[in-house]
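Residues per chain, in single letters:
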Amino acid sequence: MSGQIPQKLIKRINELAHKKKTVGLSKSEQAEQKSLRETYLALFRKSFRSDVEMMRVFNKAGQEVTPEKVRKIQKQKGLRDD
């Protein structure tokens, strides 16, 4: 997941979080922090959705039990032939 989220973004979020705990943030820094967090969450959700859509689930007997909703999405994206 973190492969799609730039390390610069994470680093800056952490810098602002540390500064908020120690000396506080200015109005512009609070706005920047909010914007960075929204960007991070959007990228995280996109990556997580992709991971789930690529997943295939099998039971102990080796039978595929991938949820129908996920199968449908996989078929729409051309990831499945069945």
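Our subject in this report is the structure included herewith.

Quick notes on the packing of helix α1 (residues 7–22) against helix α2 (residues 27–54)
For the pair α1 and α2, the least separation of the axes is 10 Å and the interaxial angle reads 140 degrees. One element, α1, and the other, α2, form an angle in the oblique class. Crossing angle aside, the handedness with which α1 passes α2 is left-handed. Together, Leu9, Ile10, Arg12, Ile13, Leu16, Ala17, Lys19 and Lys20 of α1 and Glu29, Glu32, Gln33, Leu36, Arg37, Thr39, Tyr40 and Leu43 of α2 make up the contact between the two elements. For the contact of α1 with α2, the residue count by class is eight nonpolar, two polar and six charged.

Quick notes on the nonpolar core
Core analysis: the largest hydrophobic core is formed by six residues, namely Ile5, Leu9, Ile13, Leu16, Leu25 and Leu36. Considering every element that reaches this core, the biggest residue donor is α1, with three residues. Beyond its immediate sequence surroundings of up to four residues, isoleucine 13 is in contact with Leu36, Arg37 and Tyr40.

What to know about the pattern of salt bridges
Overall, the coordinates contain seven salt bridges when judged by the stated rule. The salt bridge involving lysine 77 is made with glutamate 53; its shortest N-O contact spans 2.5 Å. Of the two residues, lysine 77 is situated in the segment after α3 (68–76) and glutamate 53 in helix α2; the sequence distance between them amounts to 24 residues. When its relative accessible area of 52% is taken as the criterion, lysine 77 is described as exposed. For glutamate 53, a relative accessible area of 10% puts it in the buried group. One salt-bridge network, in which partners are shared between bridges, spans Arg12, Glu15 and Glu32.

Some points on the packing of aromatic side chains
Evaluated as defined, the whole model comprises two aromatic pairs. Taking 6.4 Å as the distance between ring centres and 20 degrees as the angle between the ring planes, the aromatic pair formed by tyrosine 40 and phenylalanine 44 counts as stacked. Of this pair, tyrosine 40 and phenylalanine 44 are both found in helix α2, four residues apart, which corresponds to roughly one turn of the helix. Here tyrosine 40 falls in the partly exposed class, since its relative accessible area comes to 28%. By the ring-pair criterion, three or more aromatic residues cluster together here, those being Tyr40, Phe44 and Phe48.

Definitions and limits used
- Residues numbered from 1 in each chain as written.
- Predicted model: local features only at pLDDT ≥ 70, side-chain atom pairs only at ≥ 80, totals over all residues.
- Heavy atoms only, no water.
- Axes fitted to C-alpha atoms, helices over the stretch in contact; angles between N-to-C directions.
- Helix = DSSP H or I, 4+ residues; strand = E, 2+ residues; numbered from the N terminus.
- Parallel < 35°, antiparallel > 145°, perpendicular 65-115°, else oblique.
- Left-handed = near helix turned anticlockwise from the far one by under 90°.
- Contact = heavy atoms within 4.5 Å.
- Nonpolar A, V, L, I, M, F, W, Y, C, P; charged D, E, K, R; others polar.
- Core = buried A, V, L, I, M, F, W, Y, C linked by side-chain atoms within 4.5 Å.
- Buried < 20%, exposed > 50% of the residue type's maximum accessible area, 1.4 Å probe, protein only.
- Salt bridge = Lys/Arg side-chain N within 4 Å of Asp/Glu carboxyl O.
- Phe/Tyr/Trp six-rings, centres within 6.5 Å; stacked < 30°, edge-to-face > 60°.

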